[in-house]
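Notes for the structure review
Residue strings, one per chain:
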Amino acid sequence: MNAIAPEAYTTEDGRKIGGVVMEMKNITLRFGGVTAIKDISFDIREGEVRAIIGPNGAGKSSMLNVINGFYHPQEGEVWFRGEKRGPMKPYEIARQGIARTFQNIALFKGMSTLDNIMTGRLTKMKSGILSQAIWKGPAEREEIEQREKAERIIDFLEIQSIRKAPVGSLPYGLQKRVELGRALVAEPELLLLDEPMAGMNVEEKEDMSRFILDVNDEFGTTIALIEHDMGVVMDISDRVVVMDYGAKIGDGTPDEVRSNQKVIDAYLGVAHD
Amino acid sequence: MPAEFWYGVEVLLNGLMAGVMYSLVALGFVLIFKASGIFNYAQGVMALFAAQTLVGIQTGLIPFSHLINAMLGTKIHHFGWNVPTFIAILITIGIMVLFAIIVEKLILKHLVNQEPIILFMATIGLAYFLEGFGDLMWGAEIKKLDVGIPQGGNVWVEESTAFLGGEDFYGFYLDTLDIYATVIAAILVTSLILFSQYTKTGRALRAVADDHQAALSVGISLRTIWVIVWSIAGFVALVAGVMWGAKSGVQFSLSLIALKALPVLMLGGFTSIPGAIIGGLIIGVGEKLFEFLIGAPFLGGATENWFAYMLALIFLIFRPQGLFGEKIIERV
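Because the structure is predicted, anything quoted here is derived from the model rather than measured. (Residues numbered from 1 in each chain as written. Chains lettered and ligands numbered in written order. Predicted model: local features only at pLDDT ≥ 70, side-chain atom pairs only at ≥ 80, totals over all residues.)

1. Observations concerning the overall build of chain A
Let me state the cut-off plainly: A run of H or I in DSSP becomes a helix once it reaches four residues, and a run of E becomes a strand once it reaches two; helices and strands are each numbered from the N terminus. When we talk radius of gyration, it's over C-alpha atoms, and the globule rule is simply 2.2 Å times the number of residues to the 0.38. Buried residues are those with 20 or more other C-beta atoms within 10 Å of their own C-beta, exposed residues have 12 or fewer, and partly exposed residues lie in between; C-beta atoms are placed from the backbone. By the criterion used throughout, residues are in contact when their C-beta atoms, derived from the backbone, lie within 7 Å.
Counting its regular elements, chain A contains 10 helices and 12 strands. In terms of overall size, chain A behaves like a compact globule, its C-alpha atoms giving a radius of gyration of 19 Å where 273 residues would be expected to give roughly 19 Å. Seen through its C-alpha atoms, chain A measures out along the principal axes to roughly 70 × 40 × 40 Å. Among the 273 residues that make up chain A, the fraction classed as buried is 41%. Long-range pairs, those at least 24 residues apart, make up 68% of the contacts in chain A with a sequence separation of at least 6.

What follows is the structure, encoded as structure tokens:
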């Protein structure tokens, strides 16, 4: 089966992959004289787990920052839901349904797990500042509704026991999970994960892989993730983009990518003669 | 109980109420510091400006009348009407919100991701600008502020507590204005705490305070939040300005109450709203009792001027983050 088929299809394990949600067209990003991303194009399809891999410094995180609006590329176009995206602020993009986690965990460290996850619901809450101030009627109802959504995510990620704990005091693996929860509770259409397994031990990596697959399966969330651990990525993703020195050197199913000579060279090194 | 004991209690009560007034000022600092990590040097001047504006609107002063007169040779000063206090307060709140929007547009927007010291310097500039601007707008003379709160000793309190002491004791002398200020401050603080803990905007405020980048990624607009925070700080400045202005007249020295807030902040912690309150109370009670028990009998009095700073300095040695401040622990 060809994963880059233009039409919607069903994977071997029965998940439905739909049309293109996000398309990056000829993206080039420079910082002064350094070109972080060179003319890269790829697409992300509805319901798939799309990975971006590459050695350190390949430009993977920059690519994610372009998608969520922290960086604005000098050249190229970003298309989301069939529309070309103009220059937007990160918070506007978040409100469009793109949530993310960070490589170095960006949680609100002084706040509890529950509060952190509740911030993910902020964009979904509509009550005005005045009715919030008196906390009556719509504001109260809304808070209770949102709280239920947050509790569902907390159950899903099995972090009930740390609900009230300030996240700054939690171990690394759990913080990563809380961050995933905060992104997830926004019910994003596209979820961006920046090295969700960085710095984890084998057991934690397996847990995280399971959560990512469950999210994709149960909520039907489209996921784009970055990793440089090849093994994990190949197991959980439908399609993989491979970057090296800011350029795209491969794109396809895990099997196709694995047998791509350029990818093997980038990862294992190649003898220059 | 001897009368001296009850005098001591009276000093304590007055200290508590003075403390509330300090807390009111400190609160404005804490709000802005929590949400944006900026130590807002202009908070005291904001209180002065708010009070000036309120008096100006209330008594129907023409803004910039001195400037207009100097340029056009006219002699206008008053519109010739008085605006009811309640409406004048609403208009002043509107002006403080406008001020918040302008600060965000002209200053904060351009200083995102700068070092705290740069932002601090910007607020120093803002303080001096606003001081001059307020004088230019409303005139620099001392103004009387009357918002309808009675002043002077509260007779009811005095009479109903007179039975406590003996023949020499006439009941507690408490200023009615101070009693009002205490009640208003209590309501203000309770509502601010509830607002920041239990509403979505409050949660967004705390999120922005914690991590800008993460806040953006969950869809919070930093600029909106900053405008809200500065508006609330402007409102708190107005309350503080009104209370202090009603007490001692609206004049330049009002902006110096900010200096009284510093020891309160050191004591209570820069990041805690309850800390600002407790810190204010400790300072208020401490300086009054110290004056009563030690200062006046042994040190020749006038200890109130420096006691707060000394207490804060001693405190810094034992708890640098303040009573309720966040202790920053980085995992290594």
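Still more ground to cover, so stick around.
2. Things to note about the overall build of chain B
Tallying secondary structure elements over chain B gives 13 helices and zero strands in all. In chain B, the order of α-helices and β-strands from amino to carboxyl end is α-α-α-α-α-α-α-α-α-α-α-α-α. Taken over C-alpha atoms, the radius of gyration comes to 21 Å for chain B, in line with the 20 Å a tight globule of 332 residues would show. Along the first, second and third principal axes, the C-alpha atoms of chain B reach 70 × 65 × 35 Å.

3. Observations regarding the packing of helix H2 (residues 43-58) of chain B against helix H5 (residues 116-138) of chain B
All names here are of chain B. For the record, the criterion: Between N-to-C directions, angles span 0 to 180 degrees; the directions come from axes that are lines fitted to C-alpha atoms, helices contributing only their stretch in contact. Here roughly perpendicular refers to angles of 65 to 115 degrees, roughly parallel to angles under 35, roughly antiparallel to angles over 145, and oblique to all remaining angles. If you view the pair so one helix is near and one far, a crossing is left-handed when the near helix is turned anticlockwise from the far one by less than a right angle, and right-handed when it is turned clockwise. Side-chain classes follow a simple rule in which Ala, Val, Leu, Ile, Met, Phe, Trp, Tyr, Cys and Pro form the nonpolar group, Asp, Glu, Lys and Arg form the charged group, and the remainder, Gly included, forms the polar group.
At a minimum axis separation of 9 Å, H2 and H5 run at an interaxial angle of 15 degrees. Taken together, the axis directions place H2 and H5 in an arrangement best described as roughly parallel. Taken as a pair, H2 and H5 cross one another with a handedness that is left-handed. Residues Val45, Met46, Leu48, Phe49, Gln52, Thr53 and Gly56 of H2 lie in contact with H5, whose contacting residues are Ala127, Leu130, Glu131, Gly134 and Trp138. Classifying every residue of the contact of H2 with H5 gives seven nonpolar, four polar and one charged.

4. As for the nonpolar core
What tends to happen in soluble globular proteins is that the nonpolar side chains get buried as a cluster. All names here are of chain B. Rules: To form a nonpolar core, buried Ala, Val, Leu, Ile, Met, Phe, Trp, Tyr and Cys residues must be joined through C-beta atoms within 7 Å.
Among the nonpolar cores identified, the biggest contains 159 residues, and Ala47, Ile220 and Val229 are the most heavily contacted of them. At 18 residues, the largest contribution of residues to this core is made by helix H10 (residues 222-248). Excluding anything up to four places from it in sequence, alanine 47 contacts Val25, Ala237, Ala240, Gly241, Trp244, Leu254, Ser255 and Ile257.

5. With respect to the sheet that holds strand S12 (residues 247-252) of chain A
Residue and element names in this part refer to chain A. Threshold: Think of it this way: DSSP has to see at least two bridges between two strands before they count as a pair.
Taken in spatial order, the six strands of this open sheet run S8-S9-S10-S5-S11-S12, and their pairing is mixed. Edge positions in the sheet fall to strand S8 (98-100) and S12, since each of these pairs with one other strand and no more. For this sheet the average axis-to-axis angle between neighbouring strands, irrespective of direction, equals 20 degrees. Here strand S9 (residues 190-194) runs beside strand S10 (residues 222-227); their pairing, made up of five bridges, is parallel. Across the sheet, residue leucine 190 finds its bridge partner in S10, namely threonine 222.

6. Some points on the interface of chain B and chain A
Taken residue by residue, the interface counts 20 residues in chain B and 26 residues in chain A. For the side of chain B that touches chain A, the element with the highest residue contribution is helix H8 (residues 200-210) of chain B, accounting for seven residues.

7. A short note on the pairing of S10 of chain A
Residue and element names in this part refer to chain A. Quick note on the threshold: Consider the strands pointing away from the viewer: the crossover is right-handed when the path from the first strand over the helix to the second runs clockwise.
Burial analysis of S10 places six of its six residues in the buried class, the great majority of the element. Covered by surrounding structure in S10 are Thr222, Ala224 and Ile226 together with Ile223, Leu225 and Glu227, the residues of both alternating faces. The sheet contact formed by strand S5 (residues 49-53) and S10 spans five bridges and is parallel. The residue of S10 that forms the bridge with alanine 51 is leucine 225. With helix H7 (residues 202-219) bridging S9 and its parallel neighbour S10, the resulting β-α-β unit is right-handed.

8. Some thoughts on the packing of H2 of chain B against H10 of chain B
Residue and element names in this part refer to chain B. Packing of H2 against H10 brings their axes to within 7 Å, and their N-to-C directions diverge by 70 degrees. The orientation of H2 relative to H10 falls into the category roughly perpendicular. Relative to H10, the crossing made by H2 is right-handed. Taken together, the residues of H10 that come into contact with H2 (itself represented by Gln43, Met46, Ala47, Leu48, Ala50, Ala51 and Leu54) are Ala233, Gly234, Ala237, Leu238, Ala240, Gly241, Val242, Trp244 and Gly245. Considered class by class, the residues forming the contact of H2 with H10 number 12 nonpolar, four polar and no charged.

9. Concerning H10 of chain B
All names here are of chain B. Filter applied, for reference: What a helix should span is 1.5 Å times the count of its residues minus one.
With 27 residues, H10 extends 38 Å from end C-alpha to end C-alpha; this agrees with the ideal 39 Å at 1.5 Å per step. Among the 27 residues of H10, 22 are classified as buried, and the element is accordingly described as predominantly covered. The positive-phi residue at the C-terminal boundary of H10 is glycine 249, with phi of around 85 degrees.

10. Some thoughts on the sheet that holds strand S6 (residues 75-80) of chain A
As summarised here, the arrangement of the four strands in space is S4-S3-S6-S7 (chain A), forming an open sheet in which the pairing is antiparallel. Only two strands of the sheet have a single partner each, and these edge strands are strand S4 (34-45) and strand S7 (83-84) of chain A.

11. Focus on unusual backbone geometry
Residue and element names in this part refer to chain A. Unusually for a residue other than glycine, asparagine 26 sits at a positive phi of about 45 degrees. Tracing the backbone shows asparagine 26 in strand S3 (residues 20-31). Residue class for asparagine 26 comes out exposed when judged on the 12 C-beta atoms lying within 10 Å of it. Here isoleucine 105, not a glycine, exhibits a phi torsion of approximately 50 degrees, which is positive. For isoleucine 105, the location among the structural elements is in the loop between S8 and helix H3 (113-119).

12. Looking at the environment of arginine 50 of chain A
Residues and elements named next belong to chain A. Residue position: arginine 50 is located in strand S5. Each C-alpha atom, one on arginine 50 and one on valine 233, is 9.2 Å from the other, the two residues being 183 residues apart in sequence. Discounting residues that sit within four places of it in the chain, arginine 50 has contacts with Ile44, Ile223, Ala224, Ser237, Asp238 and Arg239.

13. Some thoughts on the confidence of the model for chain B
All names here are of chain B. Applied cut-off: As a per-residue measure, pLDDT tells how confident the predictor is, with possible values from 0 to 100.
Confidence in the prediction for chain B averages 85 pLDDT; 96% of positions are at 70 or higher. For chain B, the element scoring lowest by mean pLDDT is helix H6 (residues 155-161), at 77; helix H4 (residues 85-106) scores highest, at 93. Taken over the whole predicted complex, pTM reads 0.77, whereas the ipTM for its chain interfaces reads 0.74.

14. Let's talk about helix H12 (residues 273-299) of chain B
Structurally, the α-helix is built with 3.6 residues per turn, so residues lying three or four positions apart point the same way. With 27 residues, H12 of chain B extends only 34 Å from end C-alpha to end C-alpha; this falls clearly short of the ideal 39 Å at 1.5 Å per step. Following H12 of chain B by one or two positions, glycine 300 of chain B has its phi on the positive side, about 80 degrees.

15. Side note on the pairing of S12 of chain A
Here five bridges tie strand S11 (residues 239-244) of chain A to S12 of chain A, and the two strands are oriented antiparallel to one another. Residue pairing across strands places valine 240 of chain A opposite glycine 252 of chain A, the latter belonging to S12 of chain A.

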